[in-house]
Amino acid sequence: MKLIKKLGKDYIIYALTGIIANGINFLFIPFYTRIFSPSEYGSLEMLTVITNFLNIILVMGMDSAQSIYFFKFEKDGLKKQSYLVSSILQWRIILGLLAIFICTFISPLINNIFFDGQLNLIYFLVAFSSSLFLQIMTQCTDLARLTFKPWDYLKINFIYSLICGVFIIIFVGIFREKVLGYFIGLFFSSLIVSFYGWKKFTKYLSLNKIHWNLWPKLINFSFPI
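In this report, the structure presented in the accompanying data block is examined.

Criteria and thresholds
- Residues numbered from 1 in each chain as written.
- Predicted model: local features only at pLDDT ≥ 70, side-chain atom pairs only at ≥ 80, totals over all residues.
- Heavy atoms only, no water.
- Salt bridge = Lys/Arg side-chain N within 4 Å of Asp/Glu carboxyl O.
- Helix = DSSP H or I, 4+ residues; strand = E, 2+ residues; numbered from the N terminus.
- Buried < 20%, exposed > 50% of the residue type's maximum accessible area, 1.4 Å probe, protein only.
- Contact = heavy atoms within 4.5 Å.
- Phe/Tyr/Trp six-rings, centres within 6.5 Å; stacked < 30°, edge-to-face > 60°.
- Lys NZ or Arg CZ within 6 Å of the ring centre and 35° of its normal.
- Core = buried A, V, L, I, M, F, W, Y, C linked by side-chain atoms within 4.5 Å.

### Some thoughts on the pattern of salt bridges
Argument step 1. Summed over the entire model, instances satisfying the criterion amount to 5 salt bridges.
Argument step 2. With a shortest N-O distance of 3.5 Å, Lys178 and Glu40 are connected by a salt bridge. Placement of Lys178 in helix α9 (residues 178–199) and of Glu40 in helix α3 (residues 38–59) is noted, with a sequence separation of 138 residues between them.
Argument step 3. Look at Lys178 and you get partly exposed, because its relative accessible area is 23%.
Argument step 4. Among the salt bridges present, the one from Lys155 reaches Asp152, with a minimum N-O distance of 3.6 Å. One end of the pair is Lys155 and the other is Asp152, both in helix α8 (residues 150–174) and 3 residues apart, which spans about a single turn.
Argument step 5. The exposure class of Asp152 is buried, given its relative accessible area of 14%.
Argument step 6. Via salt bridges that share partners, Asp152, Lys155 and Lys200 belong to a single interconnected network.

### Some details on helix α4 (residues 62–72)
Argument step 1. Turning to α4, its buried residues are Met62, Ala65, Gln66, Ser67, Tyr69 and Phe70.
Argument step 2. Tucked inside the fold, the buried residues of α4 contact α3, α5 (78–105), α7 (121–146) and α10 (215–222).

### A few points about the packing of aromatic side chains
Argument step 1. Applying the stated criterion across every chain, the model contains 20 aromatic pairs.
Argument step 2. The interplanar angle of 45 degrees and the centroid separation of 6.2 Å between the aromatic rings of Phe71 and Phe148 together place this pair among those described as tilted. On the criterion of sequence distance, the pair formed by Phe71 in helix α4 and Phe148 in the loop between α7 and α8 is long-range, its members being 77 residues apart.
Argument step 3. Residue Phe148 is classed as exposed on the basis of its relative accessible area, which comes to 56%.
Argument step 4. Among the aromatic residues, those joined into a ring-pair cluster are Phe31, Tyr32, Phe36, Tyr41, Tyr182 and Phe183.
Argument step 5. One residue, Lys80, lies across the ring of Phe73, its end atom 4.2 Å from the ring centre.

### Some points on the environment of Lys80
Argument step 1. Residue placement: Lys80 occurs in helix α5.
Argument step 2. Residues Lys80 and Ala21 lie 59 residues apart in sequence; the distance between their C-alpha atoms is 33 Å.

### Examining the environment of Asn220
Argument step 1. Looking at the element boundaries, Asn220 is found in helix α10.
Argument step 2. Classification of Asn220 by relative accessible area gives exposed; the value is 62%.
Argument step 3. For the pair Asn220 and Ala65, spaced 155 residues apart in the sequence, the C-alpha separation amounts to 9.4 Å.

### Brief notes about the nonpolar core
Argument step 1. In this structure, Phe36, Phe124, Tyr182, Phe183, Trp198, Phe201 and Leu218 are the most contacted members of the largest nonpolar core, which totals 61 residues.
Argument step 2. Sorting the residues of this core by element identifies α2 (29–35), α3, α4, α5, α7, α8, α9 and α10 as the ones contributing at least two each.
Argument step 3. Ranked by residues supplied to this core, first place goes to α7 with 12 residues.
Argument step 4. With residues near it in sequence (within four places) discarded, Phe183 still touches Leu44, Leu47, Thr48, Val126, Ala127 and Ser130.

Right under this line is the structure:
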């Protein structure tokens, strides 16, 4: 009975996280439709689709690998778990920087195909960079879930949604950067919340060296996913 009660409480917290995040996004829809023209909104959505595709590449199933091996390494102690978490974080950063470089390099081609050449390079660089920091932040929220800290999970996601909305209002509504301002807002909010979130889980960080020795095992598990 105690277990059922705890599961019910945690379920409510995780469900509340999604409701709050989606609720905040929903509240901003009138703002977006008022500030963006139909063509700008279309560009925003198309660039969002492209960055979502990049997110899949950046994740590459490593979230599932972290979930599985985090508990497999539990018997080996905190040190081994910190090697796992740090190895995945390092992989995401290295792969992410490489992906940003490649995607930004080919952005003129993407621009001509999907945007009729209307966007310049900075749009793609900011959008792709925001994807990287979003995945770094997401790994942190996954860690909150794995360590049974639903309130930290809620706080990180809530702060991200709130800060994201504030930054978007500032850059889009005040500075009138429109589509670029939207992604600048995403970039700064994911960057700030990434640092905030990982500060709560510093004991799972071991960044004194690159733990590349775990990469073959992790990739072998995560790549098919």
